[in-house]
Amino acid sequence: MKDIVPGAPAIVRNEHAEVKALFHEHVVPSYGRFDITASHGVGSLVWDVSGRRYIDLGGGIAVCCLGHAHPEVTEALAEQSRRLVHVSNLYFQSHQGQLARTVTSHLAPGRVFFCNSGAEANEGLYKLARRFGHDEGRFEILTATHSFHGRTLAGIAATGQDKVKQGFGPLTPGFRHVPFNDLLAVEDAISPATVAVLVEGIQGEGGITPATPEYLSGLRRLCDERRILLLIDAVQCGHFRSGRYQSFQRILEGTSDKESFVPDGVSMAKSMGGGFPIGAFWVRDKAHGVELGTLLGPGSHGTTFGGTPLGCAVASRIFHVIERDGLEARVRQDGDWMSETLARWAREMPDILRAARGLGFMQGFELRPREEIPALASVDRPASLQVVNRLHEAGILTIPSGNHVVRFLPAYNIGRPLLGEALSVVEHVLRSLRE
Ligand SMILES: *Cc1c(COP(=O)(O)O)cnc(C)c1O
């Protein structure tokens, strides 16, 4: 008979605590982080270091449009990295030119400048606008309240939210904010110094608020009348997230302006690289009689890393996969279904939800004030954060937007079954807030 020997004590290595300690000691604490240490992901599933599985409805923040570890993205990265990762913008290389052609063919005749992030893409648009107005002494850019345009110095000046500006003055001059979706407010705010209007097609950080078709059409008309540039920040709402390449294309569908509406500039990033950092702005060839596409001539703007062969090869592959797999249509269909689901929740749970908003795979629900929701009232943290935390506990990753909105920014290829599974968990968590 064998002796019964007790097994060796399990060595429980708490990797989560170790990683947190490293951050605690060595990383600038500029982010409020959730209590999750991510390990790996496949498609729309992510695992943490303790082996817990989450369904990812955040996709970074609207970044991982093909999910995690997409084999063709991996292949594009590996393949291109064996050939040429980087050459400076002092040289030509085919990948940047091809990606620029792809972007342009999805918008209108124009040109593309590549950079590395959304804030930088917007910086390019600010410089373009200032160059455009320079000889006439015009420099002022109007943006919307509750907008978000990035964290650089000009980005926080452009952003219509006080919380990003506080403690960083003096602010970059030349930005003023007007209420979103209010055409008269823009008209009233235009001064002799105004050179551009910059708005998001769907406000992301401001609570998932789509621009109305009347607003967009009206802005185009107003900008034409006053020789002002109409610039769209499509960093979050662009790249097929709305169910069309650009949210304004989706918003203006069914209106007489659907073909003729062309902005003068569009900034992009987030989903464009599917997780690989790449940003860009597109600028229209000609606006108000000026050759806008060639306004930023040699020496006027640049960046070391923008538009590398690696970044452009990955971004081109993402375009290819989205189009080959018909993901634009799937975002539309599954997004419409998600809209209906969220709208039904808002109808059925008016004691918890104030509204549901969004387009395609950029949707959110707005919670009632924390004090009115039994399960949230006693904790002094924003309602959106408390719900996101509860969703984490239930195995769902989502992103707060402000203090009251929880948003869904899933991968375009998540598929109806997994999306359905995730949404039924979310519904269950929302219903449990009544207790
Ligand atoms: C995320 C975001 C930005 C900033 O992009 P970064 O890549 O973080 O610099 C700008 N505008 C909008 C609308 C965004 O959502």
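Structure first, text after, so check above.
Residues numbered from 1 in each chain as written. Predicted model: local features only at pLDDT ≥ 70, side-chain atom pairs only at ≥ 80, totals over all residues. Heavy atoms only, no water.

Caption draft 1: Geometry of the pattern of salt bridges. Tallied over the entire structure, the rule returns 29 salt bridges. Across the pair Glu 328 and Arg 244 runs a salt bridge whose closest N-O atoms are separated by 3.6 Å. One end of the pair, Glu 328, is in helix H11 (residues 327-348); the other, Arg 244, is in the loop between strand S10 (229-233) and helix H9 (247-251), with 84 residues separating them in the sequence. A relative accessible area of 27% means that Arg 244 is categorised as partly exposed. (Salt bridge = Lys/Arg side-chain N within 4 Å of Asp/Glu carboxyl O. Helix = DSSP H or I, 4+ residues; strand = E, 2+ residues; numbered from the N terminus. Buried < 20%, exposed > 50% of the residue type's maximum accessible area, 1.4 Å probe, protein only.)

Caption draft 2: Expanded view of the pairing of strand S5 (residues 140-144). The buried fraction of S5 is high, at five of five residues. Neither face of S5 is left uncovered, since the one carrying Glu 140, Leu 142 and Ala 144 and the one carrying Ile 141 and Thr 143 both have all their residues buried. Inspection of the sheet shows S5 paired to strand S7 (residues 194-200) by four bridges, in the parallel sense. Bridging from a neighbouring strand, Thr 143 pairs with Leu 198 of S7. With four bridges joining them, S5 and strand S6 (residues 175-178) adopt parallel strand pairing. (Pairing = 2+ DSSP bridges.)

Caption draft 3: Structural detail: the sheet that holds strand S14 (residues 362-367). Spatially, S13-S14-S17-S16 is the arrangement adopted by the four strands of the open sheet, whose pairing is antiparallel. Only two strands of the sheet have a single partner each, and these edge strands are strand S13 (353-359) and strand S16 (399-401). Ignoring strand direction, the axes of neighbouring strands in this sheet form an average angle of 25 degrees. Alignment of S14 against strand S17 (residues 405-408), held across four bridges, turns out to be antiparallel. (Axes fitted to C-alpha atoms, helices over the stretch in contact; angles between N-to-C directions.)

Caption draft 4: The site of the ligand, seen in detail. In the vicinity of the ligand, the contacting residues are Ser 117, Gly 118, Ala 119, Asn 122, Phe 148, His 149, Gly 150, Glu 200, Asp 233, Val 235, Gln 236 and Lys 270. Residue Ala 119 places a main-chain N or O atom 2.8 Å away from an oxygen atom belonging to the ligand. In the model, an oxygen atom of the ligand is placed 2.8 Å from a nitrogen or oxygen of the Gln 236 side chain. When isolated, the ligand has an accessible area of 390 Å², and the protein chains bury 81% of it. When residues of the shell around the ligand are assigned to their parent elements, the largest contribution, three residues, is made by helix H5 (residues 118-133). Taken together, the residues of the shell around the ligand break down into three nonpolar, six polar and three charged. (Near = heavy atom within 4 Å. Polar contact = N/O pair within 3.5 Å; in protein donor to acceptor, adjacent residues only side chain to side chain. Areas by Shrake-Rupley, 256 points an atom, 1.4 Å probe, with all protein chains shown as cover. Nonpolar A, V, L, I, M, F, W, Y, C, P; charged D, E, K, R; others polar.)

Distances and angles like these do not, on their own, reveal function.
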